[in-house]
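A look at the structure
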Amino acid sequence: MHMNLRIFMKILGILTLIEGIAMSPSFVCALVYEEWHVASPFLIVGMLCVCIGYVIFTQVRTHQIQLKLHEGFLIACLSWIYCSLIGALPFIFSGIGYSVIGSVFESVAGFTTTGCSVFFPEKMPKALLLWRSTENWLGGMGILVLIMSVFPALGIAGQSIAAAETTGPSFEKLGGRFSDTGKVLYIIYTAFTVTEFILLALGPLNIFDALINTLSSISTAGLVVVPENSVAFQGSYTRGVIMVFTLLSSINYSLYFFLLKKRWGLFFKNYEVKAFFKIIAFATVSIGLSLKLSGYYTDIFKALRDSLFQVISFISTSGYFVTDYTKWPSFAVIVLFAMLFVGGCTMSTSGSLKVIRVAVLFKLIRRGLFKQIHPNSVKAVVLDGEAVSAHKVSAIVSHVLLYLVVFWGGCLLLGLNNLDMETTITSSLALFTNTGMALGQPGASGYFGMFNGFSQFILALLMIAGRLEIYALALLFTGEFWKKDKIKKHTF
């Protein structure tokens, strides 16, 4: 199958350059905290990435390249794998003794905003903590969305990559070009980041802790809690700030653009947003009541407060916790894990199925029941006053079916590790939804070091598959994808 190698080199070169530059704050952090054994890897790897990336960026010429759809999927998949491998190098060469597969797992967990670990964060040098959080931030909005902003200057059409890279059923243009959309999304994303950092720094967290938790929470990767900053999370202020910005990042970012344009109706009347908040409200009240009625909480307001924190954590796939939810009544835990399947809104930093897909599925079920009574009727699936095309409905159903197949396939492969059923199934779900929260041995800790090397490799693949919404990775394992004569010739 013919592939445009120049464009592959160009994009990988840009990604190498970006990742090298992104390592510089961690290098400075290592110097400030006198972590000399960690400073060297960041300096050497960072400089090599910058030099190699700059040479490729300046020497590889591209001019009005039209990418085919299959090239977009391949670039999206290989880019995430490539960035994760480069991001693992500081862990490998840190001199701490981290294994190669564990380092790759750590890097994948960072870029996919899964927020879990096979190492112990409390023992990790601050420079590596900052690097993990930087990976979270880059992966939150999508590193390819960032470079799509400069595609027109490179002579590259980026819609085919947008189809594979962006989370959600569709990628909407906010301006005349997809590059304009990328710029708008990152401007809003950066504005939220700066605002949250300022608010956290004004609270009990110090500057370093405010920074790493901002980068991790705005990307819905979760919190970075170590013994030094654990006290700060016991107060309502830090929890509240992080909860609000996690919630904001779980909403369709393109809707914020319409708010800036004072097109309020497009935000407040959006079907997905309304459904998102209704689900949160229903789950919060249900869990709160179960906690009160079971006697686990005596104060209903405290029960509702903690349930709200955990519901937002699970539905946003950020995976932070303010209490040990594994000890909650079974009903509350089941509702929480149901939130993992739902996920956030389209074009947000959240993972999982997305609210819009779940809504369409329930509408399909309702339509199926209606047609059992009225078999000759014609009833469309309607969202925001418009009928959803049969093509989109079919794509959503196919996505959900593939989602379940990959999830259970992950369970089977993890079962080879011979851990208990609760740990195996919930770990597959936790990492495939990019949440990092499970039951069993991992519990609420987000630590998955009990898995062997093979299982960590499978978990890393599940994280990438979840971040790319399955298709970009699954297509690589189909014979049709690699046969030129069977590839659709559409270009964008």
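Description of the structure in this document. (Residues numbered from 1 in each chain as written. Predicted model: local features only at pLDDT ≥ 70, side-chain atom pairs only at ≥ 80, totals over all residues. Heavy atoms only, no water.)

Here's the deal with the nonpolar core
Inclusion rule: Nonpolar core, defined: a set of buried Ala, Val, Leu, Ile, Met, Phe, Trp, Tyr and Cys residues in which side-chain atoms within 4.5 Å join the residues together. Exposed residues in this analysis have more than 50% of their type's maximum accessible area, buried residues have under 20%, and partly exposed residues fall in between, with area computed by a 1.4 Å probe over protein chains only. Each helix corresponds to a stretch of at least 4 residues labelled H or I by DSSP, and each strand to a stretch of at least 2 residues labelled E; elements are numbered beginning at the N terminus. Only heavy atoms enter the contact rule, under which two residues are in contact if any of them lie within 4.5 Å.
Judged by nonpolar contacts, the single largest core of 134 residues is most densely connected at Tyr253, Tyr325, Trp328 and Phe448. The element contributing the most residues to this core is helix H4 (residues 69-92), with nine residues. Those residues in contact with Tyr253 that sit more than four places away from it in its chain are Met141, Leu185, Ile188, Tyr189, Phe192, Ile218, Leu248, Met347, Ser348 and Thr349.

Focus: the packing of aromatic side chains
Operational definition: Planes of paired rings set the category: under 30 degrees apart is stacked, over 60 is edge-to-face and the rest tilted, where pairs are Phe, Tyr or Trp rings (Trp by its six-membered ring) whose centres lie within 6.5 Å.
With the rule as written, the count across this model stands at 26 aromatic pairs. When the centroid spacing of 6.3 Å and the interplanar angle of 75° are considered together, the rings of Phe192 and Phe245 count as edge-to-face. On the criterion of sequence distance, the pair formed by Phe192 in helix H10 (residues 178-201) and Phe245 in helix H12 (residues 236-249) is long-range, its members being 53 residues apart. In this pair, the class of Phe192 matches that of Phe245, namely buried. Between the aromatic rings of Tyr256 and Phe267, the centroid separation amounts to 6.0 Å while the plane-to-plane angle is 35°, which identifies the pairing as tilted.

Looking at the layout of surface pockets
As a reminder, the rule being used: Grid points spaced at 1 Å over the protein atoms alone were grouped into cavities, where a 1.4 Å probe fits but cannot get out, and pockets, open sets with protein on both sides within 12 Å along at least five of seven lines, with lining residues defined by an atom within 4 Å of a point. Grid points are joined across faces, edges and corners, and a volume is the space filled by probe spheres set on the points. Throughout this entry, Asp, Glu, Lys and Arg are counted as charged residues, while Ala, Val, Leu, Ile, Met, Phe, Trp, Tyr, Cys and Pro are counted as nonpolar. The remaining residues, Gly among them, count as polar.
The calculated volume of the second largest pocket comes to roughly 700 Å³. Leu223, Val224, Val225, Phe321 and Ser445 are, among the 38 residues lining the second largest pocket, the residues nearest its centre. By residue number, the principal contributor to the lining of the second largest pocket is helix H6 (residues 126-141), which donates four residues. Considering only residue class, the lining of the second largest pocket consists of 17 nonpolar, 16 polar and five charged.

What to know about the packing of helix H15 (residues 271-293) against helix H17 (residues 330-342)
Rules: To obtain each axis, a line is fitted to C-alpha atoms, and for helices this fit is confined to the stretch in contact; angles are then taken between N-to-C directions over 0 to 180 degrees. Any angle that is under 35 degrees is reported as roughly parallel, and any over 145 degrees as roughly antiparallel; angles of 65 to 115 degrees are reported as roughly perpendicular and all others as oblique. If you view the pair so one helix is near and one far, a crossing is left-handed when the near helix is turned anticlockwise from the far one by less than a right angle, and right-handed when it is turned clockwise.
Across the interface, H15 lies against H17 with an axial gap of 9 Å and an inter-helix angle of 165°. Here H17 runs roughly antiparallel to H15, going by the angle between their axes. Here H15 and H17 pass one another in a crossing that is left-handed. Contacts from Ile279, Ala283, Ser286, Ile287 and Ser290 of H15 reach H17 at Phe331, Ala332, Val335, Leu336, Met339 and Val342. Taken together, the residues that form the contact of H15 with H17 break down as nine nonpolar, two polar and no charged.

Things to note about a nonpolar patch on the surface
The test is simple: Residues enter patches when their relative accessible area tops 30% and they take part in no salt bridge; the joining distance is 9 Å for like charges and 5 Å for the nonpolar side chains Val, Leu, Ile, Met, Phe, Trp and Tyr. Working definition of accessibility: Shrake-Rupley area with a 1.4 Å probe, residue cover restricted to the visible protein chains. Salt bridge, as used here: a side-chain nitrogen of Lys or Arg that lies within 4 Å of a carboxyl oxygen of Asp or Glu.
On the surface, Leu43, Ile44, Met47, Leu48 and Ile52 cluster together into a nonpolar patch covering about 470 Å² of accessible area. Note on placement: Leu43 falls in helix H3 (residues 36-59). Note on Leu43: relative accessible area 35%, which makes it partly exposed.

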